[in-house]
Amino acid sequence: QTNTSGVASTPVRTNSAMATKKYQVIAGAFKDEKNAETRVKQLQKLGYKNAFVLGMNARGLYQVSYGGFDSMDEAKLQQNSKEEKKLDGGWILTQP
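Residues numbered from 1 in each chain as written. Predicted model: local features only at pLDDT ≥ 70, side-chain atom pairs only at ≥ 80, totals over all residues. Heavy atoms only, no water.

Notes on the overall build of the protein
Stage number 1. Helix and strand content of the protein: three helices and four strands.
Stage number 2. Helices (α) and strands (β) of the protein occur, in sequence order from the N terminus, as β-α-β-β-α-α-β.
Stage number 3. Here the protein holds 96 residues, and 39% of them are scored as buried.
Stage number 4. Expressed as a percentage of contacts within the protein between residues at least 6 apart in sequence, the contacts between residues at least 24 apart total 65%.
Stage number 5. Put simply, the protein shows about 6,100 Å² of open surface, and 50% of that area lies on carbon and sulfur atoms. (Helix = DSSP H or I, 4+ residues; strand = E, 2+ residues; numbered from the N terminus. Buried < 20%, exposed > 50% of the residue type's maximum accessible area, 1.4 Å probe, protein only. Contact = heavy atoms within 4.5 Å. Areas by Shrake-Rupley, 256 points an atom, 1.4 Å probe, with all protein chains shown as cover.)

Overview of the pairing of strand β3 (residues 62-69)
Stage number 1. In terms of residue burial, β3 counts as a mostly covered element, since eight of its eight residues are buried.
Stage number 2. The pairing of strand β1 (residues 23-30) with β3 spans seven bridges and is antiparallel. Bridging across to β3, Ala-29 finds its partner in Gln-63.
Stage number 3. In terms of strand pairing, strand β2 (residues 52-56) meets β3 through four bridges, oriented antiparallel. Bridge assignment links Phe-52 to a residue of β3, and that residue is Ser-65.
Stage number 4. Taken together, β2 and the strand that follows it, β3, pair antiparallel across an intervening segment of five residues, in which Gly-60 is found at a positive phi of about 80°. (Pairing = 2+ DSSP bridges.)

Regarding the sheet that holds β3
Stage number 1. Strands sit in the order β2-β3-β1-β4 across an open sheet of four strands; the sheet is antiparallel. Taken across any chain shown, the strands that pair with only one partner, and hence form the sheet edges, are β2 and β4 (91-94). Put simply, the sheet's adjacent strands are angled 50° from each other on average, direction ignored.
Stage number 2. In the packing of helix α2 (residues 72-80) onto the sheet, contacts are made with β1, β3 and β4, and the angle to β4 comes to roughly 155°. (Axes fitted to C-alpha atoms, helices over the stretch in contact; angles between N-to-C directions.)

Some thoughts on the pattern of salt bridges
Stage number 1. Enumeration according to the criterion identifies one salt bridge in this entry.
Stage number 2. One salt bridge connects Lys-21 with Asp-70, and the closest N-O pair in it is separated by 3.2 Å. A residue pair is termed long-range when its members are at least 10 positions apart, and Lys-21 in the segment before β1 and Asp-70 in the loop between β3 and α2 qualify at 49 residues. (Salt bridge = Lys/Arg side-chain N within 4 Å of Asp/Glu carboxyl O.)

Things to note about the confidence of the model for the protein
Stage number 1. Mean pLDDT over the protein works out to 83, with 77% of the residues at or above the 70 mark.
Stage number 2. Below pLDDT 50 for its whole length, residues 1-10 participates in 12 contacts with residues either more than four positions away or in separate chains. (pLDDT = per-residue confidence, 0-100.)

Looking at the nonpolar core
Stage number 1. Grouped together as the largest cluster of nonpolar side chains are 16 residues, with contacts concentrated most on Leu-43, Tyr-48, Ala-51, Val-64, Tyr-66 and Ala-75.
Stage number 2. Ranked by residues supplied to this core, first place goes to β3 with four residues.
Stage number 3. Once residues lying within four places of it in the same chain are set aside, the contact partners of Val-64 are Val-25, Ile-26, Ala-27, Gly-28, Phe-30, Ala-36, Arg-39, Val-40, Leu-43 and Phe-52.
Stage number 4. Counting five residues, the second-largest nonpolar core is a separate cluster that includes Met-18, Ala-19, Phe-52 and Leu-54. (Core = buried A, V, L, I, M, F, W, Y, C linked by side-chain atoms within 4.5 Å.)

This is the structure:
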C-alpha cells in the first residue's frame, strides 16, 4: 500500500487471526475510512502493532480494533490496563 506521497505505508487492514476473535477491543468507529486508517497508524505508533480496521459495522462506521481475544475477561484486562487509559475510551465488541 502506498500513500499519496508515494512512500510505502503500513497496511491498516488485515485478515489476521485477531480479526476472527470473538471479543474485539475497539478504539473508535469512523464514518470516513481515511480517519479509521489514521487512527490505526496512531495506535501502531503507540505500540499497538496489531491495530487494524476491523470493517464496517451495521451503522456504516469503520471500526478500529487494537486487540482480539477469545474471552471477555482477556478483553477487559486489555481495556482496563493502565496503558489503555491513555487511549481515552474504547469498548468491547462481541462478534457472532
